[in-house]
Every structure is written in C-alpha cells, then in structure tokens.
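Secondary and tertiary structure notes
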Amino acid sequence: MDSANEVSVPSVLHGTAGDAIVAAHALGTPQQSIAMYARWWQLESWVRDLIYMELRAAFGIEWTDAVRRAQRREERDASFSHMTGVDNDNPLAYLDYSQLVRIIHDDWNLFAPSLFERTAWEGRQAELLQIRHRIGHIRRPNRDDLSRIEQTLRDLETGAFIAMSDYNTRWRPPADGSDAVTDGWIRRNHSIALRLLDHAQRRYDTELQISFSARPWAVTPFVYGPGILCHVSFNTGGRSIDVARLWRELHAQDLVKHVVAIDVDYATSVSVTFSGADDGAAVSDAIGRTFETVLQVSNARNSPDEWSRLEELYKHLDFRVHVATGWNIVASDTLPISNFMAGASVHLPPNRV
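I will try to describe carefully the structure that is included in this document.

**A short note on the overall build of the chain**
Secondary structure assignment for the chain yields 13 helices and seven strands. Scored against the burial criterion, the 353 residues of the chain give a buried share of 46%. Nonlocal contacts in the chain, meaning residues at least 24 apart in sequence, comprise 72% of its contacts between residues at least 6 apart. Surface accessibility of the chain: about 17,500 Å² in total, with carbon and sulfur atoms responsible for 50%.

**Points about the environment of Val256**
Relative to the helices and strands, Val256 is located in the loop between helix 10 (243-252) and strand 4 (259-265). Residue Val256 is classed as buried on the basis of its relative accessible area of 8%. Residues Val256 and Thr290, 34 residues apart in the sequence, show an inter-C-alpha distance of 9.9 Å. Not counting residues up to four positions away in its chain, the partners in contact with Val256 are Trp247, Leu250, His251 and Arg320.

**Things to note about the packing of aromatic side chains**
Considering all chains together, one arrives at 11 aromatic pairs under this definition. For the ring pair Tyr52 and Phe319, a centre distance of 5.1 Å and an interplane angle of 80° mean the geometry is edge-to-face. Of this pair, Tyr52 sits in helix 2 (residues 31-59) while Phe319 is found in the loop between helix 12 (304-314) and strand 7 (321-323), placing the two residues 267 residues apart along the sequence. Of the two residues, Tyr52 and Phe319, neither departs from the other in class, the shared state being buried. Summarising the aromatic geometry, the rings of Tyr167 and Trp327 are spaced 5.4 Å apart at their centres and angled 80° between planes, so their arrangement reads as edge-to-face.

**Considerations on helix 9 (residues 191-204)**
With 14 residues, helix 9 should reach 20 Å at 1.5 Å per residue; the first-to-last C-alpha distance of 19 Å fits that figure. If you check which residues of helix 9 are buried, you get Ile192, Ala193, Leu196, Leu197 and Ala200. Where helix 9 is buried, its residues touch helix 8 (180-186), strand 1 (207-214) and helix 11 (280-297). One or two steps after helix 9, the chain reaches Asp205, where phi turns positive at roughly 55°.

**Details of the pattern of salt bridges**
Applying the stated criterion across every chain yields a total of 17 salt bridges. Its salt-bridge partner being Arg48, residue Glu44 comes within 2.1 Å of it at the nearest N-O pair. Here the residue Glu44 and the residue Arg48 both occupy positions in helix 2, the gap between them amounting to four residues, near one helical turn. One exposure class covers both Glu44 and Arg48, and it is buried. Put simply, Glu44 and Arg132 hold a salt bridge, and the shortest N to O gap is 2.9 Å.

**As for the packing of helix 2 against helix 6 (residues 118-136)**
One way to put it is that helix 2 packs onto helix 6 with a least axis distance of 12 Å and a crossing angle of 130°. Looking at the two axes, helix 2 sits oblique to helix 6. Read as a crossing pair, helix 2 and helix 6 show a hand that is left-handed. Counting all contacts with helix 2, which are made through Met36, Tyr37, Trp40, Leu43, Glu44 and Val47, the residues of helix 6 involved are Trp121, Leu128, Ile131, Arg132 and Ile135. Its residues assigned to classes, the contact of helix 2 with helix 6 comprises nine nonpolar, no polar and two charged.

**A word on the packing of helix 2 against helix 4 (residues 97-106)**
Axis separation between helix 2 and helix 4 bottoms out at 11 Å; the angle between their running directions is 40°. When the axis of helix 2 is compared with that of helix 4, the two are oblique. Here helix 2 runs over helix 4; the crossing is left-handed. Packed against helix 2, whose contacting residues are Trp40, Glu44, Val47, Arg48, Ile51 and Leu55, the element helix 4 presents Tyr97, Leu100, Ile103 and Ile104 at the interface. Here the residues of the contact of helix 2 with helix 4 sort into eight nonpolar, no polar and two charged.

**Overview of the pairing of strand 5 (residues 269-275)**
In terms of burial, strand 5 is largely enclosed, as six of its seven residues are buried. Pairing of strand 2 (residues 228-235) with strand 5, which is carried by seven bridges, proceeds in the antiparallel orientation. When the bridges of strand 5 are listed, His231 appears paired with Thr273. Where strand 4 folds back on strand 5, the antiparallel hairpin that results is connected by three residues, among which Tyr266 adopts a positive phi of roughly 60°.

**As for the sheet that holds strand 1**
Taken in spatial order, the five strands of this open sheet run 1-2-5-4-7, and their pairing is mixed. The sheet is open, and its two borders are formed by strand 1 and strand 7, each paired with just one other strand. Averaged over neighbouring strand pairs, the angle between their axes works out to 20° when direction is ignored. Pairing between strand 4 and strand 5: six bridges, direction antiparallel. Looking across to strand 5, one finds that Ile262 is bridged to Val272. Those strands touched by helix 2 are strand 2, strand 4, strand 5 and strand 7, and its axis lies near 125° from that of strand 4.

What counts, and at which threshold
Residues numbered from 1 in each chain as written. Predicted model: local features only at pLDDT ≥ 70, side-chain atom pairs only at ≥ 80, totals over all residues. Heavy atoms only, no water. Helix = DSSP H or I, 4+ residues; strand = E, 2+ residues; numbered from the N terminus. Buried < 20%, exposed > 50% of the residue type's maximum accessible area, 1.4 Å probe, protein only. Contact = heavy atoms within 4.5 Å. Areas by Shrake-Rupley, 256 points an atom, 1.4 Å probe, with all protein chains shown as cover. Phe/Tyr/Trp six-rings, centres within 6.5 Å; stacked < 30°, edge-to-face > 60°. Expected span 1.5 Å × (residues − 1). Salt bridge = Lys/Arg side-chain N within 4 Å of Asp/Glu carboxyl O. Axes fitted to C-alpha atoms, helices over the stretch in contact; angles between N-to-C directions. Parallel < 35°, antiparallel > 145°, perpendicular 65-115°, else oblique. Left-handed = near helix turned anticlockwise from the far one by under 90°. Nonpolar A, V, L, I, M, F, W, Y, C, P; charged D, E, K, R; others polar. Pairing = 2+ DSSP bridges.

The values are spatial; any link to function lies outside them.
What follows is the structure in structure tokens.
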C-alpha cells in the first residue's frame, strides 16, 4: 500500500476486520461513511436489544406476536442454512428500522424509561430514517448525518443505563411468595429441587440461586408477573460450564422458548433468565430441567488462556447469550460509564420520575 494511503487503526481492529476497513478507505469508501455505518450499527442494534428485552418481560413466550411481519423473511433465510449467524433466530433482526420504531410507538410505556421524551424521540425519527435510507442504498452521507446519529446516542445514554442496570439490580424473592417459582425453588417444593439442590452442592460444588429483577416500567416490581425477570444463577465453584453445549442441549429440549438470556461470567457463573410473564409452573419446570443440564455440561475448570478462546466463541452462539456486554456489567458501582462512547456518560444514578 502506498504510504500516503496508509491508515492507522486500533490494535483491536488488526486482522481481517482492520484490513477490510483500511482497504475500503484506501479504495474510495469515504471515511465519513465508515464512521456513519459503525455508529448506526450501535444505534439500531441497541434498539433491537431493548425491544427484545422489554417484549420478553411483558409478554413472555408470546413476544413474537409483536413482530409477525418478519415471518416471510425468516423463512427465506432458512433456505441458506450455510450462512446462519448469531441473529438468525431473532425475528427482530428481520425488521426494518421503521418497523422497530412502530413497535416502540405501539407499546411506548414499555420503552419510555429507556429512551427520552416521546415528542423528541418521535420527531427525530424522520431524520434518522433518511440516514438509514442513505446507508441502505449506499449513498454518500449528508455532512450532518454522523453528528445526528451521535447526538441520538448521547441522548440515549441515561436510558440505556437505566435499562441495563435494572436488569442487573436483583433481589431474592420473599419466601412467602405465592408464585410457582418461589414455591418450587425458594421453598424447595419442586421435585427436582428436592432431589438436586443439596446433592449438587455436595457432589458438584454447584449452587443454584434464584433472584428477581424488575423492568423500569413494572407496575408491581416485587411480585412475579409481567415486568419481572427471574434470574437463575449457577455457581459451580471449581468447575466450568460448557456454554456452547448448554445452549445446544437447551435447544434440543425446547427450553430456549422460555429462556430470555444467558449471562456468562468466566463460565463458572452462568445465569439463565426467564420471564415473569410466562406461566410460573412452566418456568419452574424449565428451571429444573436447566439445572439438570448444567450439571451434565459442567467439567474441570478452564485455564485463563482457554477462557479467552471460549469467550470469543460464546459471543457468537446466539443473540440471547450475553458475554461481556452491558447486560452483564452495568451497575451503579461502574459509574461513570458510557455505553456508546459517543461523547456522553452517566456519572450519577439517574433520578426516576
């Protein structure tokens, strides 16, 4: 490459991705376009993440009713099985940005705490849709396109913190709760709880813990139901959980229909999340079957070098598997924090209205 065309890229982009960016710029792709594509990816992928989380919390396994318009495109992609990706099972990945905005509009109360003032949000969409059209048709950007996207990301910082920190603010449900999850796993009345809880601790050094979190819009934040997420944490002591195998087994048993997310931390602590909008007895049964599966796929602890390899692998399993994302790490003790690194950050816990 001619030295005049050489572009310095961060070490994180070295390799195939860095080579592609450097080559594209050297061969005529405007630098402004590359930056705009990257920022738009941040914006739209966050909107999809947020929609998924709130719809799952509100509607449980029926969440896809809100995204049925994607069905034909999903079926078409199914014929290209050799080109599957992380998002292939996510119907939101097949919706256009305008359709995502429509979902937010139709269920605004679910998304309001994590966005910004409704009039401002909806008023900005016309400009953002024009930018999206320019990206989709590979037209050169308007000189203000990048700054408009970055301003939107800055405006979303506080709401993103609320959405993700509420996901990670968890409490142990009170033992007198009337729901089937509490009865089965806190009071230990589920048949698998009776059989495995103490046995797993003694034999496998594995402990199961149940905790709840509430979405920002939850009406009854301490009672199992819509708006509540049930987090089942498996702490395996000296053993590691093969997350890839766990995911395959959950698929094979059709348990993933109940799984909202799997949060992975060095594979010795894995949390499987369920929606309080789903039938408590069905979730309680799913917890038991997941517990059995976790014990089957746990093994000797991986070395730090091995974990580095597995961490990268697990990031590409499925959109519901969280490894080193904001859904894993955002909490009040991480402040100040910037989720988008677009020029704004959260320094203090936001005031709730």
